[in-house]
Amino acid sequence: MTPARTGGPGGPARPDTEIVFDPASYAEGVPFDALARLRRVAPVAWVAEVPVLGWPEGPGFWLVLRHADVESVLKRPSLFSSSLGATQIRDPGTPRALGYVRRMMLNMDPPEHARLRRLLSRSFTPRAVAKLEDRIRGHARAICDHVFKGQRGEVDFAKDLAADLPLLTLADVLGVPEQDRWLLFDWSNRVIGYQDPDYASSAEFDPARGTPMAAEALAMRPAPDRDGRMPDPRTREGMPDLYAYAHLLAQDKRRRPGDDVMSILLAQSDEDGAQVSVAEFENMFWLFAVAGNETLRNGLPGACIALVEHPWSQTELREDPALMPTAVDEMLRWWTPVMTFRRTASADCEIGGQPIRAGDKVVVSFTSANRDPAVFPEPGRFDIRRHPNPHLVFGHGPHFCLGAHLARTQMNALFTEVLARTSAITLAGQPSFLRSNFQRGVKRLPVAWTAR
């Protein structure tokens, strides 16, 4: 039996599975109660893919709700494949579109995935990482110098503090000229926010300030159709400007390599002496430009919301900054920016006693797993001293996020600066959340601050 939430006065009840699937639910906040009811009933729940936001009905999927089962799915890529149907809930629209997304490392299975991951891991050399850490701390100081002037003020934390730091860090990782960094912002908006009309046609980048590479790439940017809809950004045809830019950037780095991670990557050779191809670089660029930006861009304001809703935590962190590393992990768990990821069963199997057939979609809920009371005592409580904290924000198994260390470094650097400069941070208006069942996004977060 599927649990349901009671409708309004005289209104019909909606199944919890429908509430959890509907992207519009998340514009009001994550439906934690619905997830908790489903998790109590069974380790997995069957979710029907009803038509939403102009998307047709889908075949449905198994939603994995408990921490242990999410870990089990993610560490068995031979049984739960990233490649068979890719990693988004919705199936790619055509076989060609599926073939396209399979070329991304995110949607690969071993051994192909392992080859690219080894090359990329070796590119994050100790020297490169140390340089990135120094630059992150410098970026955080510069951002806060710009924002925190005077004795008090109001600011949109999502736009004025959280947006710039991931962009600047990614520009450093990718070797993207600083004047082009807002291209990354627009690209990630279009891909992650395709379910939200405020983000689907993002155009914050000013072409007049960009490089000739940016101008050449932007000439290929698609335009909205007569109904105002952009082409599907999860297809190559939907993001021609991103791919054109990545191609030009790879050519430039082959000619004039720098000391950024992508230049190091392009110079690497695998065990057979083969280098990363231009096509592989283009897909890695997509992955970094979108996933590397959006996750932290929403994790930072999510962490701020945690601090605002629990003001005592601000006081404790100001009094004892050594708590920050533990607090950062709790901020990540409490918010959980990436809520779901999809796998496809490659053979008949079971999850928590539930039979799963070959070809079934299996979607892990990081949001539910990170609130599983079997692993996290009082999971709804924000506890900056929580230890251990085995959250799954960065995934698990062979696809564990390569950028986890840099994400933690950015959160640590920004909130160390913010709390050192303020004596209080409070809400100055209602936050606005992304309409998405994939990314727990913050579009606006007005806060008031008082100088320390």
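Along each chain, residues carry numbers from 1 onward, in the same order as the chain's sequence is written. With pLDDT at 70 or above as the cut-off, local features in this predicted model cover only qualifying residues; side-chain atom pairs require 80 or more to be listed or tallied, and sums for whole chains, interfaces and linings still use all residues. Based on all heavy atoms of the structure, the side-chain values leave hydrogens and waters out of the count.

K.L.:
In this structure, what is going on with the overall build of the protein? I would like to understand it.
P.N.:
Think of it this way: any DSSP run of H or I at least four residues long counts as a helix, any run of E at least two long counts as a strand, and we number them from the N terminus. When helices and strands are counted, the protein shows 17 helices and 14 strands. Over its C-alpha atoms the protein spans a radius of gyration of 22 Å, differing by no more than 12% from the 22 Å that the globule rule assigns to 452 residues. Taking all 452 residues of the protein together, 57% fall into the buried category. The criterion used for residue contact is that any of the two residues' heavy atoms lie within 4.5 Å. Within the protein, residue pairs in contact and separated by at least 24 positions form 70% of the contacts whose partners lie at least 6 positions apart. Of the roughly 19000 Å² of accessible surface on the protein, 54% is carried by carbon and sulfur atoms. Averaged over its 54 positive side-chain charges, the protein has a centre that lies 1 Å from the centre of its 55 negative ones. Radius of gyration here is computed from C-alpha atoms only, and the compact-globule reference equals 2.2 Å multiplied by the residue count raised to the power 0.38. The buried label applies to any residue whose accessible area, calculated with a 1.4 Å probe on protein chains only, is under 20% of its type's maximum; exposed applies above 50%, and partly exposed to all values in between. Note on areas: Shrake-Rupley, 1.4 Å probe, and residue coverage restricted to the protein chains presented here. In this count, Lys and Arg are taken as positive residues and Asp and Glu as negative ones, while His and the chain termini are left out. Where a charge sits is defined by one atom per residue type, namely NZ (Lys), CZ (Arg), CG (Asp) or CD (Glu).

K.L.:
Would you take a moment to explain the nonpolar core for this structure?
P.N.:
We define the nonpolar core as a collection of buried residues of types Ala, Val, Leu, Ile, Met, Phe, Trp, Tyr and Cys that are connected through side-chain atoms lying within 4.5 Å of one another. Ranked by internal contacts, the top residues of the largest apolar core, which has 101 residues, are Phe157, Tyr245, Phe285, Trp286, Met331 and Phe415. Looking at which element gives the most residues to this core, the answer is helix α13 (residues 278–309), with 16 residues. If near-sequence neighbours (up to four positions away) are discounted, phenylalanine 285 is found in contact with Leu174, Val176, Leu184, Trp187, Leu242, Tyr245, Ala246 and Leu249.

K.L.:
So what exactly am I meant to see when it comes to the pattern of salt bridges here?
P.N.:
Side chains that differ in charge, positive against negative, can pair when their charged atoms come close. Counted as salt bridges are all cases of a side-chain nitrogen of Lys or Arg within 4 Å of a carboxyl oxygen of Asp or Glu. Per the stated rule, a full pass over the model turns up 28 salt bridges. Here arginine 181 ties to glutamate 178 by a salt bridge, and the two come within 3.6 Å at their closest N and O atoms. One salt bridge connects glutamate 330 with arginine 386, and the closest N-O pair in it is separated by 3.1 Å. One end of the pair, glutamate 330, is in helix α15 (residues 324–335); the other, arginine 386, is in the loop between α16 (366–369) and α17 (404–421), and 56 residues separate them in sequence. On the basis of relative accessibility, which here comes to 6%, the residue arginine 386 falls in the buried class.

K.L.:
What exactly am I supposed to notice about the sheet that holds strand β14 (residues 446–451) here?
P.N.:
Hydrogen bonds between backbone groups are what pair the strands of a sheet, and the pairing can be parallel or antiparallel. Here the rule is simple: two strands pair whenever DSSP picks up at least two bridges between them. Taken in spatial order, the three strands make up an open sheet running β6-β14-β11, and their pairing is antiparallel. Two strands bound the open sheet, and with one partner strand each, they are β6 (152–156) and β11 (422–427). Going across the sheet, the axis of each strand differs from the next one's by a mean of 25 degrees, ignoring polarity. Bridge count between β11 and β14: five bridges; the pairing is antiparallel. Its bridge partner being in β14, threonine 422 is matched across the sheet by alanine 451. Every angle, taken between N-to-C directions, lies between 0 and 180 degrees, and every axis is a line fitted to C-alpha atoms, over only the stretch in contact when it is a helix.

K.L.:
Just checking my understanding: could you explain the sheet that holds strand β3 (residues 44–47) for this structure?
P.N.:
Strands sit in the order β3-β4-β10-β7-β5 across an open sheet of five strands; the sheet is mixed. Each edge of the sheet is formed by a strand with only one pairing partner; in this case those strands are β3 and β5 (80–81). The pairing of strand β4 (residues 61–64) with strand β10 (residues 361–365) spans three bridges and is classified as parallel. Note that in β10 the partner of leucine 63 across the bridge is valine 363. Relative to β10, helix α3 (residues 67–74) is tilted by about 130 degrees, and along the sheet it contacts β4, β5, β7 (340–345) and β10.

K.L.:
Looking at this structure, I do not really get the packing of helix α8 (residues 164–174) against α17. What am I missing?
P.N.:
The packing of two helices is summarised by the inter-axis angle and the distance between the axes. Taken N-terminus to C-terminus, the directions of α8 and α17 make an angle of 135 degrees; their axes are 11 Å apart at the nearest point. By the angle class used here, α8 and α17 are oblique. Judged by the sense of rotation from one axis to the other, the crossing of α8 with α17 is right-handed. Of the residues in α17, those touching α8 at Leu165, Pro166, Thr169 and Val173 are Leu406, Gln410 and Leu414. Should an angle lie under 35 degrees it is considered roughly parallel, over 145 roughly antiparallel, and from 65 to 115 roughly perpendicular; all remaining angles are considered oblique. Less than a right angle of anticlockwise turn of the near helix away from the far helix marks a crossing as left-handed, whereas a clockwise turn marks it as right-handed.

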